[in-house]
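Topology and contacts: notes
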Amino acid sequence: MRMMLQGRAHKFGNNISTDLIIAGRYAHLRSNLPELAKHVMEDADPDFAKNVEEGDFIVGGSNFGLGSSREHAPLVIKMAGVKAILAKSFARIFYRNAINQGIPVLVCDTDGIDTGDLLCIGMGTGTVENLTKKIRLRCTRLPQGMLGILDEGGLVPYINKYGDFTDPNDILRLHK
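Residues numbered from 1 in each chain as written. Predicted model: local features only at pLDDT ≥ 70, side-chain atom pairs only at ≥ 80, totals over all residues. Heavy atoms only, no water.

**Regarding the packing of aromatic side chains**
Operational definition: Stacked, edge-to-face and tilted are the three classes for Phe, Tyr and Trp ring pairs, Trp counted by its six-membered ring, which pair at centre distances within 6.5 Å; planes under 30 degrees apart are stacked, over 60 edge-to-face, the rest tilted. Comment: the charge-over-ring label is applied if NZ (Lys) or CZ (Arg) is within 6 Å of the ring centre and within 35 degrees of the ring normal.
Applying the stated criterion across every chain, the model contains 6 aromatic pairs. Aromatic rings pair up to connect Phe-64, Phe-90, Phe-94 and Tyr-95 into one cluster. Arg-92 extends its terminal NZ or CZ atom over the ring of Tyr-95, reaching a point 4.7 Å from the ring centre.

**Notes on the packing of helix α4 (residues 72-79) against helix α5 (residues 92-101)**
Formally: Note on definitions: angles span 0 to 180 degrees between N-to-C directions of axes, and those axes are lines fitted to C-alpha atoms, for helices only across the stretch in contact. Helix and strand labels come from DSSP, where a helix needs a run of H or I of at least four residues and a strand needs a run of E of at least two; each type is numbered from the N terminus. Here is the rule for angles: anything less than 35 degrees is roughly parallel, anything more than 145 is roughly antiparallel, 65 through 115 is roughly perpendicular, and the remaining ranges are oblique. Each crossing gets its handedness from the near helix: less than a right angle anticlockwise from the far helix is left-handed, clockwise is right-handed. Contacts were defined at the residue level, with two residues in contact if any of their heavy atoms lie within 4.5 Å.
One can describe the packing of α4 onto α5 by two numbers: an axis separation of 8 Å at closest approach and a directional angle of 45°. One finds that α4 runs oblique with respect to α5. As α4 runs across α5, the sense of the crossing is right-handed. Between α4 and α5, the contacting residues are Ala-73, Pro-74, Leu-75, Ile-77 and Lys-78 on the first element and Phe-94, Asn-97, Ala-98 and Gln-101 on the second.

**Focus: the sheet that holds strand β5 (residues 118-122)**
Which entries qualify depends on this criterion: Think of it this way: DSSP has to see at least two bridges between two strands before they count as a pair.
Taking strand neighbours across the sheet as the criterion, the 7 strands line up as β4-β3-β2-β1-β5-β6-β7 in an open arrangement whose pairing is mixed. Only two strands of the sheet have a single neighbouring strand rather than two, namely β4 (105-107) and β7 (135-138). Averaged over all neighbouring strand pairs, the angle between strand axes comes to 30°, with direction disregarded. Judged from the 4 bridges that link them, strand β6 (residues 127-130) and β7 form a sheet pairing that is antiparallel. When the sheet's bridge partners are listed, Val-128 is paired in β7 with Leu-137.

**Quick notes on the state of the cysteines**
Under the convention used in this document: Throughout, disulfides are identified as pairs of cysteine sulfur atoms within 2.5 Å of each other.
Per the stated rule, a full pass over the model turns up 0 disulfides. Of the cysteine sulfurs around Cys-120, a residue in no disulfide, the closest is that of Cys-139, at 11 Å.

**Some points on the nonpolar core**
Which entries qualify depends on this criterion: Take the buried residues of types Ala, Val, Leu, Ile, Met, Phe, Trp, Tyr and Cys, join any two whose side-chain atoms come within 4.5 Å, and each joined set is a nonpolar core. Partly exposed residues are those whose accessible area sits between 20% and 50% of the maximum for their type, while under 20% is buried and over 50% is exposed, using a 1.4 Å probe and protein chains only.
Formed by 52 residues in total, the largest nonpolar core has its most connected members in Ile-21, Ile-58, Phe-64, Ile-77, Ile-85, Phe-94 and Ile-121. When sequence neighbours within four positions are dropped, the list of residues in contact with Ile-58 reads His-10, Phe-12, Met-41, Phe-48, Phe-64, Ile-77, Val-82, Ala-84, Ile-85 and Leu-86.

**A closer look at the environment of Leu-86**
With respect to the secondary-structure elements, Leu-86 resides in strand β3 (residues 84-87). Assessed through its relative accessible area of 0%, Leu-86 is described here as buried. Sequence-wise, Leu-86 and Gly-60 are 26 residues apart; in three dimensions their C-alpha atoms are separated by 6.2 Å. For Leu-86, the residues in contact, after removing those within four places along its chain, are Phe-57, Ile-58, Val-59, Gly-60, Leu-106, Cys-108, Thr-110, Ile-121 and Val-128.

**Topic: the pairing of strand β1 (residues 4-11)**
Each regular strand carries side chains that alternate between the two faces of the sheet. Both β1 and β5 contribute to a ladder of 5 bridges, which runs antiparallel. From the neighbouring strand, Met-4 faces β5, where its bridge partner is Gly-122. Judged from the 3 bridges that link them, β1 and strand β2 (residues 57-59) form a sheet pairing that is parallel. Residue pairing across strands places Ala-9 opposite Phe-57, the latter belonging to β2.

The structure is reproduced here in structure tokens:
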């Protein structure tokens, strides 16, 4: 993964649930992820799937990803071309699922970001530059271990490449 990511923001509010990310009426498409991705965020923004471009970001408020533990939610966000999700806070299971699927999730104050703003995220520095508004925001700086998982595209590709790790420090040693 590049240490710097740049793209346009798609802003959503607080409490974006996995049911808003993937509406339950599309559960029958879980075995057809490309088709399911065409409906990502549809109930929160009916035009999101046709407006999102490769490299864009989702920006949320508090408690992004609450609800079920559907691994499909971050996966279809990634399949839609979104490169990272920024929010004031995340539901813990969504946060873990997103990292495991290879999509960065960063905690920051998103009040200064609007839909259409051009953002530049410094993955290694914990900064978000809003190039449209010329402001800099601080965000969580992801640990080296998580960056390693993201570099490989998710947990499964990471394990396939490096093997299982039983000592939490193993993941750090591999990426120094």
